[in-house]
Amino acid sequence: MFVTRFAPSPTGYLHKGHAFSAITAHEAARAAGGRFLLRIEDIDAARCRPAYEAGIFEDLAWLGLDWETPVRRQSEHMDDYAAALERLRAEGLLYRCFRTRAELIASAPHGPMDTFRGGPDPDESARLSAGEPFAWRLSLEAAERRLGGFEGLTFEADGERVRARPEVGGDVVLARKDAGVAYHLAATVDDALQGVTCVIRGVDLKEAAHVQRLLQALLGLPTPTYLHHRLILGPDGKRLAKRDRAQTLRELRAAGVTPADLRRELGL
Ligand code: GLU
């Protein structure tokens, strides 16, 4: 049975790009005679708001979509993520990262700090006893050793079998300092627990599949197929962000735009 999902974070109101993503997944499920799930990715308590979550339900219903209930809300399943994290930690695949944003930038002045591969902190015991907060990172080196290399890691993306390159994510953070879990771990665990067979999301998340494929291998989880859709651009030609107020579905609705207008505009 084909199972896909739309997994927004309630950190802002949904915009046209979200509508495109949700409708694309919903239609794929319908065409396949499968299931469409909605998941609320609300692990970032500092940025998530109940009003945004209510907005998600309202906007998706306005678009004419329906989804299965109960809706999985990540904040209600922290135990599942903690168990996965503990399993990886017990196998020696994780290390603590105390580094602050400033330290990370200093250690990678020419590269993106989110592909950090620095290994454990040389001052770990001192920082631990000083009570400094830390994140848990996945050690690519340890993961590679455990799996005997990444050669066997493949997945299907956009109709082609590709070889996973988990290096694209560096030693990803699996548990944030502030949240106890991080996106890749929560999404990977949930996709498996919810029986998702096809992940449909924007091309901006194309690299995420490489990281998530590695987590599936380490946690013994099934691998879904992946479909990446184009991004909806704003009037300035840039991809829409949550800060683009005028492009939110609620603003469009207030301005008299109908779901049919929107579908036409999005080429759906
Ligand atoms: N919560 C993520 C977002 O809003 C979704 C990522 C995913 O679909 O895996 O971008």
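Residues numbered from 1 in each chain as written. Predicted model: local features only at pLDDT ≥ 70, side-chain atom pairs only at ≥ 80, totals over all residues. Heavy atoms only, no water.

Along the backbone of the protein there are 10 helices and 10 strands. A compact globule built from 268 residues should have a C-alpha radius of gyration of about 18 Å, and the protein, at 19 Å, falls within 12% of that. Among the 268 residues that make up the protein, the fraction classed as buried is 46%. Restricting the contact set of the protein to residue pairs at least 6 apart, pairs at least 24 apart contribute 77%. Here the protein holds 37 positive side-chain charges and 38 negative ones, and the gap between their average locations is 2 Å. (Helix = DSSP H or I, 4+ residues; strand = E, 2+ residues; numbered from the N terminus. Rg over C-alpha atoms; globule rule 2.2 N^0.38 Å. Buried < 20%, exposed > 50% of the residue type's maximum accessible area, 1.4 Å probe, protein only. Contact = heavy atoms within 4.5 Å. Lys, Arg positive; Asp, Glu negative; His and termini not counted. Charge placed at Lys NZ, Arg CZ, Asp CG, Glu CD.)

Secondary-structure assignment places H184 in helix 7 (residues 183–193). Overall, the relative accessible area of 15% leaves H184 in the buried class. Ignoring any residue separated from it by four or fewer positions in sequence, one finds H184 in contact with V172, L174, A208, V211, Q212 and L215.

As a further point, take the packing of helix 7 against helix 8 (residues 208–219). The description of two helices packed together rests on the angle between their axes and the distance between the axes. Put simply, helix 7 and helix 8 touch, their axes get as near as 10 Å, and they point 65° apart. Crossing geometry of helix 7 relative to helix 8 is assigned as right-handed. Between helix 7 and helix 8, the contacting residues are Y183, H184, L185, A187, T188, V189 and D191 on the first element and A208, V211, Q212, L215, Q216 and L219 on the second. Partitioning the contact of helix 7 with helix 8 into residue classes produces eight nonpolar, four polar and one charged. (Axes fitted to C-alpha atoms, helices over the stretch in contact; angles between N-to-C directions. Left-handed = near helix turned anticlockwise from the far one by under 90°. Nonpolar A, V, L, I, M, F, W, Y, C, P; charged D, E, K, R; others polar.)

A separate point is the packing of helix 3 (residues 78–90) against helix 7. Packing of helix 3 against helix 7 leaves a shortest axis separation of 10 Å and a crossing angle of 110°. Here helix 3 is positioned roughly perpendicular relative to helix 7, judged by the angle of their axes. Residues D80, Y81, A84, L85 and L88 of helix 3 lie in contact with helix 7, whose contacting residues are L185, A186, V189, D190 and L193. Of the residues belonging to the contact of helix 3 with helix 7, the class tally is eight nonpolar, no polar and two charged. (Parallel < 35°, antiparallel > 145°, perpendicular 65-115°, else oblique.)

Let's shift gears to the site of the ligand. Taken together, the neighbourhood of the ligand is formed by R5, A7, S9, E41, Y183, R201 and L205. A7 is positioned with one of its backbone polar atoms (N or O) 2.8 Å from a nitrogen atom of the ligand. A distance of 2.7 Å separates an oxygen atom of the ligand from a polar side-chain atom of Y183. Out of a free accessible area of 300 Å², the ligand has 78% covered by protein chains. Broken down by class, the residue content of the shell around the ligand amounts to three nonpolar, one polar and three charged. (Near = heavy atom within 4 Å. Polar contact = N/O pair within 3.5 Å; in protein donor to acceptor, adjacent residues only side chain to side chain. Areas by Shrake-Rupley, 256 points an atom, 1.4 Å probe, with all protein chains shown as cover.)

Without other data, these values stay purely geometric and don't point to any function.
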